[in-house]
Amino acid sequence: MKKTLIFGLLLLATSLQAQTARKFTIDLTDDAKAQMVCFLPETPSGKAIVGVPGGGYSVLSNSHEGYMASDWLNKQGIAYFVVNYRMPEGDRTKPMGDVEKGIRIVRDSAAVWGINPNDVGIMGFSAGGHLASVISTHSDFDVRPNFTILFYPVISMDERVSHMWSCRNFLGEEGQKDPALVRSFSTQNAVRRHLTPPAIIIMSSDDNLVPPVTNGLEYYKAMRNAGNECALMLYPSGGHGYGFGQWFAYRDEMLSTLGKWLKARQTPQPDAIRVACIGNSITDGHGIDLAPQNGYPAQLQRMMGKGYWVKNFGVSARTMLNKGDYPYMNEMAWKDAQAFKPDIVLIKLGTNDSKPENRKYGSEFKQDLQQMITTLRPDLAQTGKKKAKKAKKGAVVETPKPEIILCTPIPAFKPSWNISDEVITNNIIPIQQEVAREYGLKVIDLHTLFGNDPQLMLDDGIHPNDRGARRMAQIISEELKK
């Protein structure tokens, strides 16, 4: 009995110690003023989190808002990286650059460290929460996290409703005098539908240092209004600055909920086939509640399964025409769609190009469509068309990427917003088909296959409802599975 008890205690001690397999530090700057402390778990799940401590952009609170989280995260199989960033002192590019470099290193080293590069999140506390939200909303696609965790974050850069010193230290005295800069880096204003990663926000109602109503709650509202996935944990007490500290009265409840949220993250496989959905409000999911989760790209993701990674790059009101009222190729979504490095691109533009104000530039529709195609596939620009290459028998020929598929607009059931189905049918679709023949591209004829059932549409007759989005996803999934 005694031996059994001793053996059990040894096993327990081993299990408690078997959380962090390796700890090391990487210099992020040549002078080592910025560093990243790395905690790798013994049994990696593939998930990683980059931690950003708080401290009002004047110091680093990297104990309870940094290293203290390593044991719990490593126990979940999550690799953890604490970025000890440089203070901005009015130059916001310093801390931003340090965190971006940390994320880039994590993704570049993913295979060595047992990490899925598509499952790298960011976790920030207080001013570090502001920095985490800046990276989530302002940074380029390759260093933008896949999910965001914000502990009692500074969100607003308006010192009247936020933490004064965080605002002044991040933007500097001159920056505080620039209303456009204050607005841009008040990150609730920078949330973008589909493009800003899912988030969870953790706050206490009695926080009198960073007011939750004008900071964390504003970020939640912006995310929810955009239809992006966002959760809010608001505790009755706790004040500010508890982080992972044992003294936080609701620590167990917080960790339980956070753990469930992290486990529920649907993560694309590293080798998943990447599908970029480019389009206007029909792709964006206008009129569909929580469109990032219920629009046609999201429903296509569920139909295609884990072997695919389908991302929505739709933006409402956008045109293919570069002289249209809202050209798609001027958008952040267009830049992100390219950085996504897709294997397949679904282009579904043309509906808004049928409006009279855009139709006057209709003669340029073909060249603008060609520009989009050759930007995605520069190899097609060499001769102006794709020519089949004959290969020797048995030779392996690599297919150029991405495969570009043109989707015709769905029918316009009503002439809402001056959209003309006649123009779509007689002008837009023939040009799409002509360009597809020239470049050897596939066309999915949504205009015909979608049908004429008004029950699939919103009252405006232009946008599909959730059932119409499902119909679109079904048509496209059948084509992709061929």
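What comes next is a walk through the structure. Note that the coordinates shown come from a computational prediction; the quantities given were computed from them, not determined experimentally.

Side chains carrying opposite charge are able to pair once their charged atoms draw close together. As enumerated under the stated definition, the model contains 20 salt bridges in all. Between Glu218 and Lys221 there is a salt bridge, with the nearest N and O atoms lying 3.4 Å from each other. Taken together, the positions of Glu218 and Lys221, both in helix 8 (residues 216-226) and three residues apart, correspond to about one turn of that helix. The salt bridge partner of Arg224 is Asp289, with a shortest N-O separation of 3.6 Å. Note that Arg224 is positioned in helix 8 and Asp289 in the loop between helix 10 (281-284) and helix 11 (291-294), a separation of 65 residues in sequence. Note on Asp289: relative accessible area 52%, which makes it exposed. When salt bridges with common partners are traced through the structure, they connect Lys366, Glu434 and Glu438 into a single cluster.

This part is about the sheet that holds strand 2 (residues 35-41). One open sheet holds the eight strands; their spatial order is 1-2-4-3-5-6-7-8, and the pairing between them is mixed. The sheet terminates laterally at strand 1 (20-27) and strand 8 (230-235), the two strands that pair on one side only. Taken over all neighbouring pairs, the strand axes of this sheet differ in orientation by 15° on average, direction set aside. One ladder, built from six bridges, connects strand 7 (residues 199-204) with strand 8; its direction is parallel. Pairing of Ile200 across the sheet is with Ala231, part of strand 8. Packing against the sheet, helix 8 makes contact with strand 6 (147-151), strand 7 and strand 8, and its axis sits at approximately 150° to strand 7.

This part covers the environment of Ser316. When you line up the elements, Ser316 lands in the loop between strand 10 (308-314) and helix 13 (332-339). Separated by 34 residues in sequence, Ser316 and Ile282 place their C-alpha atoms 7.4 Å apart. When near neighbours in sequence (up to four residues on either side) are disregarded, Ser316 contacts Asn280, Ser281, Asp284 and His286. A polar contact is formed between the side chain of Ser316 and the side chain of Asp284, at a distance of 2.7 Å.

Okay, unusual backbone geometry next. For Leu290, which is not glycine, the phi torsion reads 50° and is therefore positive. You can see Leu290 is positioned in the loop between helix 10 and helix 11. Take Leu290: its relative accessible area is 22%, and that puts it in the partly exposed class. Positioned with a positive phi, Trp417 is a non-glycine residue whose angle comes to about 55°. One can find Trp417 in the loop between strand 12 (403-407) and helix 16 (421-439).

Thresholds, definitions, all that
- Residues numbered from 1 in each chain as written.
- Predicted model: local features only at pLDDT ≥ 70, side-chain atom pairs only at ≥ 80, totals over all residues.
- Heavy atoms only, no water.
- Salt bridge = Lys/Arg side-chain N within 4 Å of Asp/Glu carboxyl O.
- Helix = DSSP H or I, 4+ residues; strand = E, 2+ residues; numbered from the N terminus.
- Buried < 20%, exposed > 50% of the residue type's maximum accessible area, 1.4 Å probe, protein only.
- Pairing = 2+ DSSP bridges.
- Axes fitted to C-alpha atoms, helices over the stretch in contact; angles between N-to-C directions.
- Contact = heavy atoms within 4.5 Å.
- Polar contact = N/O pair within 3.5 Å; in protein donor to acceptor, adjacent residues only side chain to side chain.

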